[in-house]
Amino acid sequence: MQRLSAPAGGAVRRLQRDKMASGSGSSKNDFRRKWDKDEYENLAQKRLAEERDRERRDGKVAPPVKRDLLRHRDYKVDLESKLGKTIVITKTTPQAEMGGYYCNVCDCVVKDSINFLDHINGKKHQRNLGMSMRVERSSLDQVKKRFEVNKKKMEEKQKEYDFEERMKELREEEEKAKAYKKEKQKERKRRAEEDVDFEEDDEMAAVMGFSGFGSSKKSH
């Protein structure tokens, strides 16, 4: 009897690849393993649900923390009080007195003002203050009231500007009046001096025996 030889390893692998390609219906040149994403997603959701049930039974689930809505800052951020000052830092210097900007809420030091502003406006700082990053949704009445407040502020600024502008105009008018009065006084003084000089010339001419040159005055 004639013994049949087993196919070579390379031929077996080619047959397996052809079988996988023909069975999956994909391209003949695509030999990558396929994953069922929906199946693994369902498994992950099932595992998370089981873990939550286990934690709930053991009493390890912490109650959700309710945080306040984000509010306006009611203080002015100090960014300039330490500018131009020299600070001696030693090993025993408290963290709040070291160089940079200290946040007493988070107990940290930030080196520059830009990062400090980013920090106090960030999520971690707001959480330590007991607030979330959500803001209160304004109603129509609140928006109308805000417009009225801003309108009143603009009118007050306009009134202040008009008052200051009017005071400036009055000061300028007073200065002009003073300058005009001073100029008039100088003019009257100059004319008085000219009249005195003219009278002195007439007296001198009379002493020397000269009559007035073309004088229109008539002696009675």
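Rules and cut-offs
Residues numbered from 1 in each chain as written. Predicted model: local features only at pLDDT ≥ 70, side-chain atom pairs only at ≥ 80, totals over all residues. Heavy atoms only, no water. Phe/Tyr/Trp six-rings, centres within 6.5 Å; stacked < 30°, edge-to-face > 60°. Helix = DSSP H or I, 4+ residues; strand = E, 2+ residues; numbered from the N terminus. Lys NZ or Arg CZ within 6 Å of the ring centre and 35° of its normal. Patch = residues over 30% accessible without salt bridge, like charges linked within 9 Å, V, L, I, M, F, W, Y side chains within 5 Å. Areas by Shrake-Rupley, 256 points an atom, 1.4 Å probe, with all protein chains shown as cover. Salt bridge = Lys/Arg side-chain N within 4 Å of Asp/Glu carboxyl O. Lys, Arg positive; Asp, Glu negative; His and termini not counted. Charge placed at Lys NZ, Arg CZ, Asp CG, Glu CD. Buried < 20%, exposed > 50% of the residue type's maximum accessible area, 1.4 Å probe, protein only. Arc of directions from axis to C-beta. Contact = heavy atoms within 4.5 Å. Polar contact = N/O pair within 3.5 Å; in protein donor to acceptor, adjacent residues only side chain to side chain.

1. Focus on the packing of aromatic side chains
For the structure on display, the rule yields one aromatic pair. Their ring planes at 25° and their centres at 5.4 Å tell us that Tyr101 and Phe116 sit as a pair that is stacked. Of this pair, Tyr101 sits in strand S2 (residues 101–103) while Phe116 sits in helix H3 (residues 113–120), placing them 15 residues apart in sequence. Against the face of Tyr75 rests Arg73, its NZ or CZ located 5.9 Å from the ring centre.

2. A look at a negative patch on the surface
Negative charge collects at one region of the surface, where Asp162, Glu164, Glu165, Glu172, Glu173, Glu174 and Glu175 lie side by side. Of note, Asp162 is situated in helix H5 (residues 140–207). Among the residues examined, Asp162 registers a relative accessible area of 40% and is labelled partly exposed.

3. What to know about H3
Burial in H3 covers these residues: Phe116, His119 and Ile120. End-on view of H3: buried residues confined to an arc of 90°, all on one side of the axis. Residues of H3 that are exposed and point over 90 degrees away from its buried face: Ile114 and Asp118. On its buried face, H3 is in contact with S2, strand S3 (108–110) and helix H4 (123–128). The backbone nitrogen of Ile114 has a side-chain oxygen 3.3 Å away, supplied by the residue at the start of H3, namely Asp112.

4. Section: a nonpolar patch on the surface
On the surface, a cluster of nonpolar side chains totalling about 360 Å² of accessible area is made up of Trp35, Tyr40 and Leu43. The exposure class of Leu43 is partly exposed, given its relative accessible area of 44%.

5. So, the pattern of salt bridges
Counted according to the given criterion, the structure contains three salt bridges. With its nearest N and O atoms 2.3 Å apart, the salt bridge here joins Glu187 to Arg190. Taken together, the positions of Glu187 and Arg190, both in helix H5 and three residues apart, correspond to about one turn of that helix. By relative accessible area, Arg190 is classed as partly exposed at 38%. Here Arg191 makes a salt bridge to Glu187, at a shortest N to O gap of 3.4 Å. Here Arg191 and its partner Glu187 are both found in helix H5, four residues apart, which amounts to about one turn of the helix.

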